[in-house]
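Tertiary structure, described
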Amino acid sequence: MNLWRAGLTSVPDGVWSRTDAEVLILADNRLTELPDAIGEFAALRTLDLGHNALTAVPGRIGDLRGLSGFLYLHDNRLPALPPALGRLHRLRYLNVGDNPLTELPNKICDLAELLELRAQNCRLATLPPRLGALGRLRELRLRGNALTALPGSLPGLRELRCLELRDNRLEHLPRTLAALPLLRELDLRGNPLATVPPWLAELPSLEKLDLRWAGSPPAPALVDALERRGCAVYF
């Protein structure tokens, strides 16, 4: 069911009778709220609520146990996310970016099948301590937040390929980053790093390291070591 850019200020009554729908697109409207009836869509695989004016997401969103594809909540006015999101155990893609979020609920770490998490351009100062429980995650995009530290559970992200930390407030990087065996792309642009740690050369799969506008320049030995392996280094 596609109601993209339909000029809606509320969800039409007729939508609530279509509980057999597998895809529901309500993006690019002017919705300010989502009724609890959303929880009745047991067959839903993809839900797109991006580019609206939502200020809350009902807890019944956690009843969408069939949601296995995409959940778009980006570009709304959400100051918080319901812990019930953690019940979406089959979800593979979650975008909550461009919202005034100050934190992500720890329950988000229960999304065992999640492959990509986008939380860019929010107001996040910290990340959930259990973030490393997202063992299947391949992309984590967190640019444009207020992060000053990364959680100690990071080594649990054994499948991570892309880590985007651009434009945060990181002065130091935890050595546990070196424990990510499949990390190919690390974006650290715009962070006030006191030093660029030499152990970044230990990342075995790194193909791109972006350090532009990231405080101190990297040591020549680090750049040489990475470039000899075919890793592109930008600074």
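What counts and how
- Residues numbered from 1 in each chain as written.
- Predicted model: local features only at pLDDT ≥ 70, side-chain atom pairs only at ≥ 80, totals over all residues.
- Heavy atoms only, no water.
- Helix = DSSP H or I, 4+ residues; strand = E, 2+ residues; numbered from the N terminus.
- Rg over C-alpha atoms; globule rule 2.2 N^0.38 Å.
- Buried < 20%, exposed > 50% of the residue type's maximum accessible area, 1.4 Å probe, protein only.
- Contact = heavy atoms within 4.5 Å.
- Areas by Shrake-Rupley, 256 points an atom, 1.4 Å probe, with all protein chains shown as cover.
- Lys, Arg positive; Asp, Glu negative; His and termini not counted.
- Charge placed at Lys NZ, Arg CZ, Asp CG, Glu CD.
- Core = buried A, V, L, I, M, F, W, Y, C linked by side-chain atoms within 4.5 Å.

Per an unreviewed UniProt entry, the chain is named Leucine-rich repeat domain-containing protein, and its organism is Kitasatospora phosalacinea.

For the rest of this paragraph, the subject is the overall build of the chain. When helices and strands are tallied, the chain shows 1 helix and 10 strands. Helices and strands appear in the chain in the N-to-C order β-β-β-β-β-β-β-β-β-α-β. The C-alpha radius of gyration of the chain comes to 19 Å, within 12% of the 18 Å expected for a compact globule of 235 residues. Seen through its C-alpha atoms, the chain measures out along the principal axes to roughly 65 × 30 × 25 Å. Across the 235 residues that make up the chain, the buried fraction comes to 49%. Nonlocal contacts in the chain, meaning residues at least 24 apart in sequence, comprise 28% of its contacts between residues at least 6 apart. Carbon and sulfur atoms make up 49% of the accessible area of the chain, which totals about 10400 Å². Positive and negative charge centroids in the chain, built from 29 and 27 side chains respectively, lie 2 Å apart.

In the Ramachandran plot, arginine 5 falls in the positive-phi region, its phi being about 50 degrees despite a non-glycine side chain. Judged by relative accessible area, which is 55%, arginine 5 ranks as exposed. Unusually for a residue other than glycine, asparagine 121 sits at a positive phi of about 55 degrees. As for its placement among the helices and strands, asparagine 121 is situated in the loop between strand 5 (116-118) and strand 6 (139-141).

Below, the discussion takes up the environment of valine 196. Tracing the backbone through its elements, the reader meets valine 196 in the loop between strand 8 (185-187) and strand 9 (208-210). Residue valine 196 is classed as buried on the basis of its relative accessible area of 9%. Between the C-alpha atom of valine 196 and that of leucine 147, which follows or precedes it by 49 residues, the distance is 17 Å. Those residues in contact with valine 196 that sit more than four places away from it in its chain are Leu211, Ser216, Pro217, Pro218 and Leu222.

Residue placement: leucine 147 occurs in the loop between strand 6 and strand 7 (162-164). Distance from leucine 147 to proline 105, taken between C-alpha atoms, is 15 Å for residues 42 residues apart in sequence.

For the rest of this paragraph, the subject is the nonpolar core. Grouped together as the largest cluster of nonpolar side chains are 73 residues, with contacts concentrated most on Leu47, Leu71 and Leu209. If sequence neighbours within four positions are ignored, leucine 71 has contacts with Leu47, Ile61, Leu85, Leu88, Leu91, Tyr93, Leu94 and Asn95.

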